[in-house]
Amino acid sequence: KQEVTQIPAALSVLEGENLVLNCSFTDSAIYNLQWFRQDPGKGLTSLLLIQSSQREQTSGRLNASLDKSSGRSTLYIAASQPGDSATYLCAVRLIQGAQKLVFGQGTRLTINP
Amino acid sequence: SQTIHQWPATLVQPVGSPLSLECTVEGTSNPNLYWYRQAAGRGLQLLFYSVGIGQISSEVPQNLSASRPQDRQFILSSKKLLLSDSGFYLCATDRGLSTDTQYFGPGTRLTVL
């Protein structure tokens, strides 16, 4: 059974700092890995999607990497801003039962001015 | 681009009462549709998914049910709510391709008292 773990559960940094969020998964049989952002009381917003054949994806200040063989992904946020404060979730799409995403518990990020 | 509507946005219901949550999707045809629940302090749990009208797959045995009466409409129901049904319910969609991004609606906050 696929398990997705995100560490740390919560992170607080000062504005302007660079930071890394971690995601690990137990089964490398995945189609892709997706990073989402969730603001309090809101739905999920897709940030980046990395196909299993890719190593990384970039969007603005965000860079996500994928090491499928070791079951790890990182989300790097450069020059953090207070507006980046949110919960960040990673999810893997399984090869078996391809419709399903399996989510981690998320990392709650706070950027302090 | 796809837009997902969910209503109501918030709902407070007594134990034992019925439930009907609605999700509609715009900007796509023949989408895959999903219902997730996010309970306090827990990750997202997939409840149901549908690949077409009248086709529903259940992921978790429970007192909830789902229906898809139209191509872009997905309904989550219960005949008698339990306290444990409280949570944040999210509808999601994708095109059914294994490489796809999954898009989420704004969610419905359900409190069962």
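Here, every reference points to the structure presented above.
Read on for an overview of the structure. These figures come from a predicted structure and were not determined experimentally.

Moving on to the overall build of chain A. Helices and strands together make up the secondary structure of chain A, namely zero helices and 11 strands. Each helix (α) and strand (β) of chain A, taken in turn from the N terminus, gives the series β-β-β-β-β-β-β-β-β-β-β. Taking 2.2 N^0.38 as the reference for a compact globule, 113 residues should give roughly 13 Å; the C-alpha atoms of chain A span a radius of gyration of 14 Å, in line with that estimate. Within the span of chain A, comprising 113 residues, buried residues form 42% of the whole. Across chain A, contacts joining residues at least 24 apart in sequence account for 54% of those joining residues at least 6 apart. When the accessible area of chain A is evaluated, it comes to approximately 5400 Å², of which 47% is carbon and sulfur surface. When the 10 basic and 8 acidic side-chain charges of chain A are each reduced to a single mean position, those positions are 8 Å apart.

Most often, soluble globular proteins keep nonpolar side chains buried together rather than apart. Residue and element names in this part refer to chain A. Counting residues in hydrophobic clusters, the biggest one holds 24 residues, and the most contacted among them are Leu33, Trp35, Leu75 and Val92. Among the elements of the structure, β3 (19-25), β4 (30-38), β5 (44-51), β7 (62-67), β8 (72-77), β9 (86-94) and β11 (107-112) are those that each provide at least two residues to this core. For this core, the element with the most residues is β9, which contributes five residues. The contacts of Leu75, once residues within four sequence positions are left out, are Leu19, Val20, Leu21, Trp35, Leu47, Leu48, Leu62, Asn63, Ala64 and Tyr88.

Here we take up the sheet that holds strand β3 (residues 19-26) of chain B. Residues and elements named next belong to chain B. Ordered in space as β1-β3-β8-β7, the four strands form an open sheet in which the pairing is antiparallel. At either end of the open sheet lies a strand with only one pairing partner, and these are β1 (3-7) and β7 (64-70). Between one strand axis and the next, the sheet turns by 20 degrees as a mean value, whatever way the strands run.

Residues and elements named next belong to chain B. Considering all chains together, one arrives at two disulfides over all chains under this definition. What pairs with Cys23 in a disulfide is Cys91, and their sulfur atoms sit 1.9 Å apart. Of note, the bridge from Cys23 to Cys91 carries an S-S torsion of about -65 degrees and is left-handed in sense. With a gap of 68 residues between them, Cys23 in strand β3 and Cys91 in strand β9 (residues 87-94) connect regions that are remote in the sequence.

What follows deals with the environment of Leu11 of chain A. Residues and elements named next belong to chain A. With respect to the helices, strands and loops of the structure, Leu11 is situated in strand β2 (residues 10-14). C-alpha of Leu11 to C-alpha of Thr110: the two residues are 99 residues apart in sequence and 6.3 Å apart in space. Ignoring sequence-local partners within four residues, the contact set of Leu11 consists of Leu19, Val20, Leu21, Thr107, Arg108, Leu109 and Thr110.

Calculation rules
- Residues numbered from 1 in each chain as written.
- Chains lettered and ligands numbered in written order.
- Predicted model: local features only at pLDDT ≥ 70, side-chain atom pairs only at ≥ 80, totals over all residues.
- Heavy atoms only, no water.
- Helix = DSSP H or I, 4+ residues; strand = E, 2+ residues; numbered from the N terminus.
- Rg over C-alpha atoms; globule rule 2.2 N^0.38 Å.
- Buried < 20%, exposed > 50% of the residue type's maximum accessible area, 1.4 Å probe, protein only.
- Contact = heavy atoms within 4.5 Å.
- Areas by Shrake-Rupley, 256 points an atom, 1.4 Å probe, with all protein chains shown as cover.
- Lys, Arg positive; Asp, Glu negative; His and termini not counted.
- Charge placed at Lys NZ, Arg CZ, Asp CG, Glu CD.
- Core = buried A, V, L, I, M, F, W, Y, C linked by side-chain atoms within 4.5 Å.
- Pairing = 2+ DSSP bridges.
- Axes fitted to C-alpha atoms, helices over the stretch in contact; angles between N-to-C directions.
- Disulfide = S-S within 2.5 Å.

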